[in-house]
Amino acid sequence: MPYDYRMHHRSLIIAAVMSAAASGCATSPSVTAPTNSAAQLDSISEPYVKLVLALGKHDADYVDAYYGPPQWKAQADSVKLPLQEIATRASALVARLGGIPRPADEMLRLRHSYFTAQLNALAARVAMLQGRKLTFDEESRALYNAVSPSHPESYFQQIIDSLGALLPGDGTVGERYERYRAQFVIPPAKLDTVFRIALAECKARTLRHMQLPPGEQFRIEYVKNKSWSGYNWYQGNYQSLIQINTDLPIAIDRAVDLACHEGYPGHHAYNVLLEQHLVKQRGWLEYTVYPLFSPQSLIAEGSANYGIEMAFPGRERIEYEKRALWPLAGLDPSGAEQYYRILDMAGRLAYAGNEAARRYLDGRINAAEAATWLNKYALYSPTRAQQRLRFIDQYRSYVINYNLGKDMVRDYVEKAAAGNSERRWQTFTALLTSPRLPGDLK
Ligand SMILES: [Zn+2]
């Protein structure tokens, strides 16, 4: 599958309700000094959430979801903390974390690292808003704790040459690829049906291995004029709003991609599991807020993209699509084998999008040159390249979370599973129910 299209959508995260707040889990840190690590970590939640909400007042994209105590949000809205004050409080919280002994329990140890990494990323975002210039790699390391590998043009050109041998017709490989793919667009009138069937299939396959709480559900909306192709807005209480952008034609492979990524076992499942296991069961209120520009996004996007392979390992996807989705979309399933051969090859260009973003954001090429680069090496049509540039302008080095995130999550899961398919699901589910961040995947 072409990475280009998959890269457009971002997500969302986080879950749940405030029974924990009501029961007094998040006490004011200043009243009494907690004596053990667990209680000391509990006392970080409230000031952490409040700092994320405070930064959200300066950066409209920063708070992707919040379903914690409403009075914390009301307070952040009424007192707009200056950036410098947010920076000071963040560094004081990091110092406080440094004084908390590293817990023996693995979940608590991960929670300790989570707070530290998320707060360091918050401080970096504050510095960026204050005018600090970071290179693309410095920024992705500061915000997502990861750096995307670099590839020269020749690396992508080799893949493009191989792709050229598979594609019929005349013109550049990019033109032929676009023309070829246009034959497999889902007719707009059938989009909703195809997408709902794909979601039901992704859900059924996920529930064979993963337990989700009763009542979890989502709504679907079709929207326009967005820089992304899909978005999961988590609402708390096990509910999501999934939006699908219909600005550009949606090819048949995107049905399963989007359904797994935004739904099951991707963002919706992740948010539901975090709400159930961390917020409701443990009272960890830091999970009621989701700061988009933070290491958690690499886990979210990486697991959502790898989730497609989790739900449809090996040949299962193509067999299912030929049997169910292609006929539903009015497409001839006899073309599916060649279609996925070509998409698999084009998928190897995934990192070309990161490369374009890196060169563009580092000021080595301008917007027009970046669009040309996306067209030439990532095989984006001119229209998609423009949409992609809008995404890069808005979300910057966030782009690495999709492909590098997927590769990191896959490596982590596959290594732990050692070829055992049930252990693969156990590891994947454990990742989605823990505070594990990119630095803990090694
Ligand atoms: Zn996403």
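Residues numbered from 1 in each chain as written. Predicted model: local features only at pLDDT ≥ 70, side-chain atom pairs only at ≥ 80, totals over all residues. Heavy atoms only, no water.

A. Representation of the layout of surface pockets. Here the second largest pocket defines a volume of roughly 300 Å³. Of all the secondary-structure elements, those providing two or more residues to the lining of the second largest pocket are α3 (37-56), α4 (70-78) and α5 (83-98). The residue makeup of the lining of the second largest pocket, split by class, is nine nonpolar, one polar and three charged. (1 Å grid on protein atoms, 1.4 Å probe; cavity = no way out; pocket = protein on both sides within 12 Å on 5 of 7 lines; lining within 4 Å. Points joined across faces, edges and corners; volume = space filled by probe spheres on them. Helix = DSSP H or I, 4+ residues; strand = E, 2+ residues; numbered from the N terminus. Nonpolar A, V, L, I, M, F, W, Y, C, P; charged D, E, K, R; others polar.)

B. Looking closely at the pairing of strand β4 (residues 239-245). Extensive coverage of β4 is indicated by the burial of six of its seven residues. Where strand β2 (residues 217-223) lies against β4, seven bridges are found, and the strand directions are parallel. Each bridged residue has a counterpart across the sheet, and for V223 the counterpart in β4 is N245. Inspection of the sheet shows strand β3 (residues 230-236) paired to β4 by six bridges, in the antiparallel sense. Pairing of Y234 across the sheet is with S240, part of β4. What sits between the antiparallel neighbours β3 and β4 is a turn of two residues, in which N237 has the positive phi angle 55°. (Buried < 20%, exposed > 50% of the residue type's maximum accessible area, 1.4 Å probe, protein only. Pairing = 2+ DSSP bridges.)

C. Representation of the coordination of the zinc ion in the model. Coordination of the zinc ion by the protein is provided by H261 (NE2), H267 (NE2) and E301 (OE), with metal-donor distances spanning 2.1 Å. Donor residues for the zinc ion, ordered by position in the chain, follow H-x5-H-x33-E. Separated by 40 residues along the polypeptide, H261 in helix α11 (residues 253-263) and E301 in helix α13 (residues 296-311) bring together distant segments of the chain. Here the two residues H261 and E301 agree in accessibility, since each one is buried. (Donors = N, O, S within 2.8 Å, 3.2 Å for Na, K, Ca; no water.)

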